[in-house]
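Architecture and fold: a report
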Amino acid sequence: MAEERGAGAEPVVLFASRWWPAVLVPLGLLAVAVAIGFRLHAASLIVFIGTTAATVVSAWLHRDGALLADATGLLVRHRGTVTRSYRWSEIHQAGLARPGFGRLALAVYPDGGRWDVPGPNSAVMVGQVWLWRQPDPESRERIEAALRDHGVRVVDPLA
């Protein structure tokens, strides 16, 4: 989807990647993998280094990721490009989720019929960022308030 802006309002950052978990944590894992690989010999070393190097590359590419909100809906910033993700009218519920190691995203349940893909019962992870831990309670409340202000029901997808 092309970049679109709401009527005059600047987008608000709901959450954004932090540079240290996006790069330093995988680099630390790479160092541990190398140490374990040397201990277990060369064949294991290649597997450990390859897996951890892939994590480092992924983290580096996503280091500037963010999820933003404006008057129209959600925006995703990825590698310097901001794109529209979902309009507020397309979302009936959403909540914070942990889609993987060191990542945070918004689990969005878009409107849709029973057989639509994605349907109303399947979540879509929007704005995946590298964030070592859950946001603090103030940030979480700010995110949930932004959702509620636009008529989106807040859910806990991990519950």
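Look above for the structure.
Quick look at the structure, then. Keep in mind that what you see is a predicted model, and the values were worked out from it rather than measured.

Some points on the sheet that holds strand E7 (residues 124-130)
Sheet strands pair by backbone hydrogen bonding; their relative direction is either parallel or antiparallel. Across the sheet, which stays open at both edges, the four strands sit in the order E7-E6-E5-E8 with mixed pairing between neighbours. Edge positions in the sheet fall to E7 and strand E8 (153-154), since each of these pairs with one other strand and no more. Looking at chain direction, strand E5 (residues 91-97) and E8 are connected through two bridges and run parallel. Across the sheet, Ala 94 pairs through a bridge with Val 154, a residue of E8.

Re unusual backbone geometry
The backbone phi angle of Arg 79 is positive, close to 55°, even though this residue is not glycine. Under the relative-accessibility criterion, Arg 79 is labelled exposed at 51%.

A closer look at the pattern of salt bridges
Using the criterion set out here, one finds four salt bridges in the structure. In this structure, Arg 84 and Asp 70 form a salt bridge, with 3.1 Å as the shortest nitrogen-oxygen distance. In this pair, Arg 84 sits in strand E4 (residues 81-87) while Asp 70 sits in the loop between strand E2 (66-69) and strand E3 (73-78), placing the two residues 14 residues apart along the sequence. Owing to a relative accessible area of 4%, Arg 84 belongs among the buried residues under this scheme.

Brief notes about the sheet that holds E4
Read from one edge to the other, the open sheet built from four strands follows the order E1-E2-E3-E4, with strand pairing classed as antiparallel. Where the open sheet ends on each side, the last strands, each with one partner, are strand E1 (12-16) and E4. For this sheet the average axis-to-axis angle between neighbouring strands, irrespective of direction, equals 25°.

Focus on the pairing of E5
Counting buried positions over the seven residues of E5 gives six, a clear majority of the element. Looking at chain direction, E5 and strand E6 (residues 103-110) are connected through six bridges and run antiparallel. In the strand pairing of E6, Ala 97 is matched with Ala 105. The hairpin formed by E5 and E6 contains five residues between the paired strands, and Gly 102 there has a positive phi angle of roughly 70°.

Focus on the nonpolar core
One broad trend across soluble globular proteins is that nonpolar side chains are buried collectively. Counting residues in hydrophobic clusters, the biggest one holds 21 residues, and the most contacted among them are Leu 14, Phe 15, Leu 67, Leu 74, Ile 91, Leu 106 and Val 108. Secondary structure elements with two or more residues in this core: E1, E2, E3, E5, E6, E7 and helix H3 (137-149). Excluding its chain neighbours within four sequence positions, the residues that come into contact with Leu 14 are Leu 67, Leu 68, Ala 69, Leu 74, Arg 142, Ile 143 and Ala 146.

Criteria and cut-off values
- Residues numbered from 1 in each chain as written.
- Predicted model: local features only at pLDDT ≥ 70, side-chain atom pairs only at ≥ 80, totals over all residues.
- Heavy atoms only, no water.
- Pairing = 2+ DSSP bridges.
- Helix = DSSP H or I, 4+ residues; strand = E, 2+ residues; numbered from the N terminus.
- Buried < 20%, exposed > 50% of the residue type's maximum accessible area, 1.4 Å probe, protein only.
- Salt bridge = Lys/Arg side-chain N within 4 Å of Asp/Glu carboxyl O.
- Axes fitted to C-alpha atoms, helices over the stretch in contact; angles between N-to-C directions.
- Core = buried A, V, L, I, M, F, W, Y, C linked by side-chain atoms within 4.5 Å.
- Contact = heavy atoms within 4.5 Å.

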